Amino acid sequence: MNICVFCSAYSLDDRYTAPAAEFARLLGEGGHTLVWGGSNAGLMGVLADGVKAAGGGLVGVMVEMLRHKAYAGADELVWTADLAERKAELANRADAIVVLVGGLGTLDEVTEVLELKKHGMFDKPVVVLDTEGFYGGLRTQLERMDEEGFLPRPLAELITFADTPAEVFARLKA
């Protein structure tokens, strides 16, 4: 399975890197391919290192302006002109999306996928690894949108949340 991961390119402390490393190990050991932003920086680098060490494949999708941060050990690097093209390429290459902790870029990526999914233009699973309750606020907001009629499809059809890396894979198999 090609699993696209949205996550931070910043270096983070162990409470965030340890679950990401565990997720990467499970992804690689499962024979899956990581499709990600292609960076060697921060959590993206931790993820790529872990997947590679566990025997998984690596497909990076990089924006040309970030060439200097490209992960050298990727099986394939795809170059895009801008962030919009990168997001489209990531989604097209994915069999599923997993969201790890991240900042504005990660939030932009996941909300775009949810908007596409809402309109039936993307039908792949989206699972959030909610490490340390990082996405509690997002979950609450999405639940409110669902409860108050702002979503044309039930929230559970758009996205699910998991507390552990193992639970992410259980949700992907379901």
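Structure: above.
Residues numbered from 1 in each chain as written. Predicted model: local features only at pLDDT ≥ 70, side-chain atom pairs only at ≥ 80, totals over all residues. Heavy atoms only, no water.

### Remarks on the packing of helix H1 (residues 14-29) against helix H2 (residues 42-53)
- Packing of H1 against H2 leaves a shortest axis separation of 7 Å and a crossing angle of 35°. H1 and H2 meet at a crossing whose hand is right-handed. Residues Tyr16, Thr17, Ala20, Ala21, Phe23, Ala24, Arg25, Leu27 and Gly28 of H1 form the contact with H2, whose participating residues are Leu43, Val46, Leu47, Gly50 and Val51. (Axes fitted to C-alpha atoms, helices over the stretch in contact; angles between N-to-C directions. Helix = DSSP H or I, 4+ residues; strand = E, 2+ residues; numbered from the N terminus. Left-handed = near helix turned anticlockwise from the far one by under 90°. Contact = heavy atoms within 4.5 Å.)

### Let's talk about the nonpolar core
- Ranked by internal contacts, the top residues of the largest apolar core, which has 28 residues, are Val5, Phe23, Leu34 and Leu100.
- Those elements that provide at least two residues to this core are strand E1 (2-6), H1, strand E2 (33-36), H2, strand E5 (96-99), strand E6 (126-129) and helix H7 (165-173).
- When sequence neighbours within four positions are dropped, the list of residues in contact with Leu100 reads Val5, Phe6, Cys7, Ala20, Phe23, Leu43, Leu47, Thr106, Leu129 and Tyr135.
- Formed by 24 residues, the second largest nonpolar core is a distinct cluster that contains Ala91, Val99, Phe122 and Leu142. (Core = buried A, V, L, I, M, F, W, Y, C linked by side-chain atoms within 4.5 Å. Buried < 20%, exposed > 50% of the residue type's maximum accessible area, 1.4 Å probe, protein only.)

### Here's the deal with the environment of Asp95
- Tracing the backbone through its elements, the reader meets Asp95 in the loop between helix H3 (83-93) and E5.
- Since its relative accessible area comes to 40%, Asp95 is described here as partly exposed.
- Between the C-alpha atom of Asp95 and that of Gly57, which follows or precedes it by 38 residues, the distance is 14 Å.

### Some remarks on unusual backbone geometry
- Despite not being glycine, Glu132 shows a phi value in the positive range, around 55°.
- Overall, Glu132 belongs to the exposed group, its relative accessible area being 56%.

### A word on the environment of Val78
- Mapped onto the fold, Val78 is located in strand E4 (residues 76-80).
- Val78 gets classed as buried once you look at its relative accessible area, which sits at 13%.
- Note: C-alpha distance between Val78 and Ala41 (37 residues apart in sequence) is 17 Å.
- The contacts of Val78, once residues within four sequence positions are left out, are Gly60, Val61, Met62, Glu89 and Arg93.

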